[in-house]
Amino acid sequence: MIMNRKLPLYGTALLSVVMSMSSCGDDKPQGPTEPDSIKRCVLLYAVASNNLYENLLSDKDEILEAARDMDLTGLSMMVYQVTRNDSARLLQLRRGRDGVCEFISVKSYDKDIYSTDPRRISAVIEDVRALTNANNYGLIFWSHGTGIDPSFSTHDTRSDCDEMVFSETRHSFYSFGSDNNPEKDKGYYDEIDIDELADAIPDGVFDFIWFDACYMSGIETAYELRDKCDTFVAYPTEVYTPGMPYNLTIPYILKETPDLKSAASEFFTYYSDHPSSSYRVATIAVMDMTKIEIVAEYCNRAYSGFSKAPSSSGLQTYSRGKFGPFYDFGQYTRRVMEMNPTDMTSEDFERLMDEFVIYKSATDYDFNGRPISADNYSGVSCFRFSESDSSEKAQYYHTLDWYKRVYPKVELE
């Protein structure tokens, strides 16, 4: 957060896991009165054991504000939260007999497992499904984020880590999350790499995933999650501290059939028309994940002659400081095609992108004050792959599904 939220500390769930091993809590879930009546459940998974805690409080208030005027029949909103000074808890939005909406704690979890550990994410998702038995589910990830930048997390439990030396080298502020317990972690923050996160989320459960976090609208991130949701919503750049204006978006998100394009539009308008000019910076994209494999097939063919990476000069960049750099996926792909000609056409690519990215918006300038070219804004970022890059980050990139799917086999020098 630059007062930037979800800017990676400056600034980014496995049904087969046995509940007794993974839930790590003694409290038994308290289910809703009529679990068979839930048509839609939305889980907000918030890792706020960092400098975002106050923002989580504000966002929960915004959800309550929106819920006050909503008909919640058949709808359920769950919030999993972890903070520095409280146990990790699963909360459920409920309306009391007096009509007032509030969040009720339905389960507590101990902190022996990080909230950025795949086991915890999987356990929470399974608990939510057991509690609600909903027909449809949506998932919002809330925290810091840096897309595919790796943290090389080991996810040792804290009881196994007491003798470890935590350092800035290991804590890279990378990927999604940033979970901290100051009493035990001695300044260490844990993040989850995007491939681990994808493994932690069961296939076919969520019809949408929305990252209210920085830098998560990348083609590599989306491709890792291709079997995890039908619609993917994220931001290619950072997002300011307020994050999503939940009072404006929840009426579109928490409904039997979510209207995610309208929710994204509300998010964008909140920033583009913000009373304070310093907050008028935002990017967002909504992706139809049923189309991503067609885009991947196109890129596999378009990149077939890949022999040299495009220069970064002139590429639209979505990064600031040491984070990234990420480049616009659409512009990057066109450059690759220009430098490594094939029989694929840019017109076909643009048509596919229009079918894949069903909503996108960006303000005129980014967080650096640099212009965002509307002609070169696809709403999706990418890593600039180079055959001569032998860094750890590049080697990690070779493990991602997107690299394996679209790039020719190029040996690193």
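See the structure shown above.
Okay, so let's go over this structure. (Residues numbered from 1 in each chain as written. Predicted model: local features only at pLDDT ≥ 70, side-chain atom pairs only at ≥ 80, totals over all residues. Heavy atoms only, no water.)

### What to know about helix 3 (residues 118–132)
Working step 1: Taking 1.5 Å of rise per residue, 15 residues should cover 21 Å, and helix 3 covers 21 Å from first to last C-alpha, within 8% of that figure.
Working step 2: Within helix 3, 12 of the 15 residues are buried, leaving the element largely enclosed by the surrounding structure.
Working step 3: Along helix 3, the residues classified as buried are P118, R120, I121, S122, A123, V124, I125, E126, D127, V128, L131 and T132.
Working step 4: Two to three positions downstream of the cap, the backbone nitrogen of R119 sits 2.8 Å from a side-chain oxygen, assigning the N-cap of helix 3 to D117.
Working step 5: Of the residues trailing helix 3, N133 is marked for its positive phi of about 50°. (Helix = DSSP H or I, 4+ residues; strand = E, 2+ residues; numbered from the N terminus. Expected span 1.5 Å × (residues − 1). Buried < 20%, exposed > 50% of the residue type's maximum accessible area, 1.4 Å probe, protein only. Polar contact = N/O pair within 3.5 Å; in protein donor to acceptor, adjacent residues only side chain to side chain.)

### Things to note about the pattern of salt bridges
Working step 1: Considering all chains together, one arrives at 12 salt bridges under this definition.
Working step 2: Of the charged contacts in the structure, one is a salt bridge between R68 and D69, with a shortest N-O distance of 3.9 Å. This pair shows no difference in class: R68 is exposed, exactly as D69 is. (Salt bridge = Lys/Arg side-chain N within 4 Å of Asp/Glu carboxyl O.)

### Observations regarding the environment of K261
Working step 1: With respect to the helices and strands, the residue K261 is situated in helix 9 (residues 260–272).
Working step 2: Between the alpha carbons of K261 and Y359 there is a distance of 6.2 Å; along the sequence they are 98 residues apart.
Working step 3: In contact with K261, not counting residues within four places along its chain, are I358 and Y359. (Contact = heavy atoms within 4.5 Å.)

### Here's the deal with the sheet that holds strand 6 (residues 136–142)
Working step 1: Sheet architecture is open: nine strands sit in the order 5-4-3-2-6-9-10-12-14, paired in mixed fashion. Of all the strands in the sheet, just strand 5 (101–109) and strand 14 (357–362) have a single pairing partner and so form its edges. In this sheet, adjacent strand axes meet at a mean angle of 15° when their direction is disregarded.
Working step 2: Its contacts with the sheet place helix 2 (residues 53–68) against strand 2 (40–47), strand 3 (75–83), strand 4 (86–95), strand 5, strand 6 and strand 9 (206–212), and it is angled at close to 130° to strand 5. (Pairing = 2+ DSSP bridges. Axes fitted to C-alpha atoms, helices over the stretch in contact; angles between N-to-C directions.)

### A closer look at the packing of aromatic side chains
Working step 1: Counted according to the given criterion, the structure contains 26 aromatic pairs.
Working step 2: Counting every residue linked through ring pairs, the aromatic cluster contains Y303, Y332, F383, F385, Y397, Y403 and Y407. (Phe/Tyr/Trp six-rings, centres within 6.5 Å; stacked < 30°, edge-to-face > 60°.)

### Digging into the nonpolar core
One broad trend across soluble globular proteins is that nonpolar side chains are buried collectively.
Working step 1: Among the nonpolar cores identified, the biggest contains 122 residues, and L90, W210, F232 and F329 are the most heavily contacted of them.
Working step 2: Per-element accounting of this core gives the leading share, seven residues, to strand 2.
Working step 3: Discounting chain neighbours no more than four positions away, the residues touching F329 are I219, V295, C299, Y303, F349, M353, S378, V380, S381, C382 and W402. (Core = buried A, V, L, I, M, F, W, Y, C linked by side-chain atoms within 4.5 Å.)

### Points about the environment of D227
Working step 1: You can see D227 is positioned in the loop between helix 7 (219–224) and strand 10 (231–234).
Working step 2: For D227, a relative accessible area of 46% corresponds to the partly exposed category.
Working step 3: Each C-alpha atom of the pair D227 and F206 lies 9.5 Å from the other, and the pair is 21 residues apart in sequence.
Working step 4: When near neighbours in sequence (up to four residues on either side) are disregarded, D227 contacts D203 and G204.

### Some thoughts on the side chain of S361
Working step 1: Assignment of secondary structure puts S361 in strand 14.
Working step 2: Within the structure, the side chain of S361 is placed 2.8 Å from the side chain of Y359, a separation counted as a polar contact.
Working step 3: With sequence-adjacent residues up to four places away left out, S361 is seen in contact with F268, A282, T283, I284 and Y377.

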